[in-house]
Amino acid sequence: MSVSPRANRAARPSFATAIVLWILAVATVIVVELQTSSFREATAGREAVTLLRARWAARAGVEATIARLGFATVNPDLTDAFAAEFEMEDVALGSLDGSSYIVRVSTEGDDMLGPADAHAKININAMSRESLMLLPFMTDDVADAILDWIDEDEDTRVFGAEFGSYASQRHPYEPRNGPMRSLLELEQVSNVLPDYVRGEDWNLNGVLDPNENDGDESWPPDNADGILDAGWSAFVTTRSVGGGLGESGEARMELPLVSASDVARLLNTDSDQSEAVVNLAILGSLTLGDFLRTDLNTLAQQNGMQASSGRPLRSLSNEQLAVLLGETTLGEQAGSPGKVNLNTISDDGLAYLAEIPISVRDTIIFDRKGRSQGYTSIVDLLDVAGLTRDRVADLYEVADVRSNVYVATCRGRDERSGVEVEMVVTLDRSTLPIIIREVRTR
Ligand SMILES: [Ca+2]
Ligand SMILES: [Ca+2]
Ligand SMILES: [Ca+2]
Ligand SMILES: [Ca+2]
């Protein structure tokens, strides 16, 4: 059938109208799409800015903490063992333009301002089997597996686990055969459950978070008592490090490498004493702890040495001994696992060190209550009734009174939106400038 010209003419405008309508419709769709996407982008942009503001607030808190820790390290208050903590507590709360931050830690049922002291916990890499066995829920197989994980060899302990146990898993992996680097790594050890390691502190940030204090309402399970039960993580760490700078903030004098006159200047000793210290150090078999255990004259005699003057050696005074232990180093390896700090470890934490006899522990717990400025040297303990030189020297094997490493949990907050960003940062002042060992952000 042929189409009449009229009909054809009449069809033309309505076809044009359809095209126009179609174009309009498409344009409308494009405009709506553009509006929606630019709205989305604007929202995303606002969210990004919000997040950025919270993140930078957290970062500001971390930087303020680092600055104060650095200041306290180079300008130490030698009369107050808690001076560095006070410095950091002082900047633990801060506000910026439209945002704020807080650095805090949950300890023994309280929220405290400032970072956590890694030396208030026992370094698991230096823990004896006896101490491991004192931890809650610990069993022989887990203790042996932890020791096997850390020791260099592939000899499996009686109840332990080495390469073979991990290689036969469905997803095989290998033990470290070296120091553990984090508590998350501890969870890789055969038969270690995350519940043991973390308790209620599921995100291992040292802070009681809302989901960790709401019972079964959200993961993890907790008893909603307002107190953070952090499992082993409350008592053990992988972060603390030994050695570091002297109490004065200067690098330690490496004893075997210095002259008698250097020692005399540092310790204010007579020439016989300083010669004896250097000669004993050169032997290579002694540690600083030996000078704490045995007086200088006996130590020299035991090692077949005589003063060049022929007179008996004068003992080092407690003051000289404190400088010797606080400002020198003898045979310690840099980066070795840190000792616990007797000023900051909790009463409960002390109970997990099998090396400390119960009577000594009780003596320290009682004595330190009366010292608002803490012990500024391990030598202070020689004056405590009931503690002998031997006892204090034994204690010095696992404990000291100084901390090199702190872990700051800093939460930054954008005030308008309430958006928060948390940074958990490990700070090491064993060398200067302070080193950030790890950052976790969420
Ligand atoms: Ca091993
Ligand atoms: Ca937590
Ligand atoms: Ca919960
Ligand atoms: Ca609880």
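Computed from a prediction, not measured in an experiment: that's the story for all the values here. (Residues numbered from 1 in each chain as written. Chains lettered and ligands numbered in written order. Predicted model: local features only at pLDDT ≥ 70, side-chain atom pairs only at ≥ 80, totals over all residues. Heavy atoms only, no water.)

1. Observations regarding the coordination of the calcium ion (ligand 2)
Thinking step 1. At the metal site, the calcium ion (ligand 2) is ligated by D201 (OD), N203 (OD1), N205 (OD1), V207 (O), D209 (OD), E212 (OE) and E212 (OE), and these contacts range over 2.2 to 2.6 Å.
Thinking step 2. Summarised as a motif, the one-chain spacing of the donors to the calcium ion (ligand 2) is D-x1-N-x1-N-x1-V-x1-D-x2-E. As far as the burial class goes, D209 and E212 line up, both buried. (Donors = N, O, S within 2.8 Å, 3.2 Å for Na, K, Ca; no water. Buried < 20%, exposed > 50% of the residue type's maximum accessible area, 1.4 Å probe, protein only.)

2. Concerning the nonpolar core
Thinking step 1. Counting 72 residues, the largest nonpolar core has I146, L186, W232, L324 and L381 as the members making the most contacts within it.
Thinking step 2. Among the elements that make up this core, the one with the highest residue count is helix 4 (residues 140–150) (seven residues).
Thinking step 3. Among the domains, domain 1 (1–123 + 339–379 + 398–442) and domain 2 (253–329) are the pair contributing at least three residues each to this core.
Thinking step 4. Ranked by size, the runner-up nonpolar core spans 19 residues in total, among them A58, M88, Y406 and V425. (Core = buried A, V, L, I, M, F, W, Y, C linked by side-chain atoms within 4.5 Å. Helix = DSSP H or I, 4+ residues; strand = E, 2+ residues; numbered from the N terminus. Domains from an automatic or database assignment.)

3. Quick look at the coordination of the calcium ion (ligand 4)
Four donors placed tetrahedrally around a metal ideally meet at 109.5 degrees, and six donors placed octahedrally ideally meet at 90 or 180 degrees.
Thinking step 1. Of the protein atoms, only E200 (OE), E200 (OE), N223 (OD1), D225 (OD) and I227 (O) coordinate the calcium ion (ligand 4), at distances of 2.2 to 2.5 Å.
Thinking step 2. Between the donor residues of the calcium ion (ligand 4), the gaps in sequence give the motif E-x22-N-x1-D-x1-I. A residue pair is termed long-range when its members are at least 10 positions apart, and E200 in the loop between helix 7 (194–198) and strand 6 (236–237) and I227 in the loop between helix 7 and strand 6 qualify at 27 residues.
Thinking step 3. Its relative accessible area of 6% is what places E200 among the buried residues.

4. Description of unusual backbone geometry
Thinking step 1. Cis peptide bonds are those with omega within 30 degrees of zero, and the linkage from W219 to P220 qualifies with 0 degrees.
Thinking step 2. By secondary structure assignment, the location of P220 is in the loop between helix 7 and strand 6.
Thinking step 3. The amide bond that connects L432 to the next residue, P433, takes the cis arrangement and shows omega of 0 degrees.
Thinking step 4. Structurally, the position occupied by P433 is in the loop between strand 12 (420–428) and strand 13 (435–441).
Thinking step 5. In this structure, F137 takes a positive phi of about 65 degrees despite not being glycine.
Thinking step 6. With respect to the helices and strands, the residue F137 is situated in the loop between helix 3 (129–134) and helix 4.

5. Some words on a negative patch on the surface
Thinking step 1. Among the surface-exposed residues, E152, D153, E154, D155 and E174 lie close enough to one another that they form a single negatively charged patch.
Thinking step 2. Among the structural elements, E174 can be located in the loop between helix 5 (163–167) and helix 6 (183–186).
Thinking step 3. A relative accessible area of 55% places E174 in the exposed class. (Patch = residues over 30% accessible without salt bridge, like charges linked within 9 Å, V, L, I, M, F, W, Y side chains within 5 Å. Areas by Shrake-Rupley, 256 points an atom, 1.4 Å probe, with all protein chains shown as cover. Salt bridge = Lys/Arg side-chain N within 4 Å of Asp/Glu carboxyl O. Lys, Arg positive; Asp, Glu negative; His and termini not counted. Charge placed at Lys NZ, Arg CZ, Asp CG, Glu CD.)

6. Examining the pairing of strand 11 (residues 405–414)
Where a strand is regular, its side chains alternate between the two sheet faces.
Thinking step 1. With eight of its ten residues buried, strand 11 lies for the most part within the structure.
Thinking step 2. With five bridges joining them, strand 2 (residues 99–107) and strand 11 adopt antiparallel strand pairing. Within the sheet, the bridge partner assigned to Y101 lies in strand 11 and is G412.
Thinking step 3. The pairing of strand 4 (residues 116–117) with strand 11 spans two bridges and is antiparallel. Directly across from A116, in strand 11, lies its bridge partner V407. (Pairing = 2+ DSSP bridges.)

7. Notes on the packing of helix 8 (residues 260–267) against helix 9 (residues 271–283)
Thinking step 1. Packing of helix 8 against helix 9 leaves a shortest axis separation of 8 Å and a crossing angle of 120 degrees. Both helix 8 and helix 9 take part in a crossing whose hand is right-handed. Between helix 8 and helix 9, the contacting residues are A260, V263 and A264 on the first element and S274, E275, V277 and V278 on the second. (Axes fitted to C-alpha atoms, helices over the stretch in contact; angles between N-to-C directions. Left-handed = near helix turned anticlockwise from the far one by under 90°. Contact = heavy atoms within 4.5 Å.)

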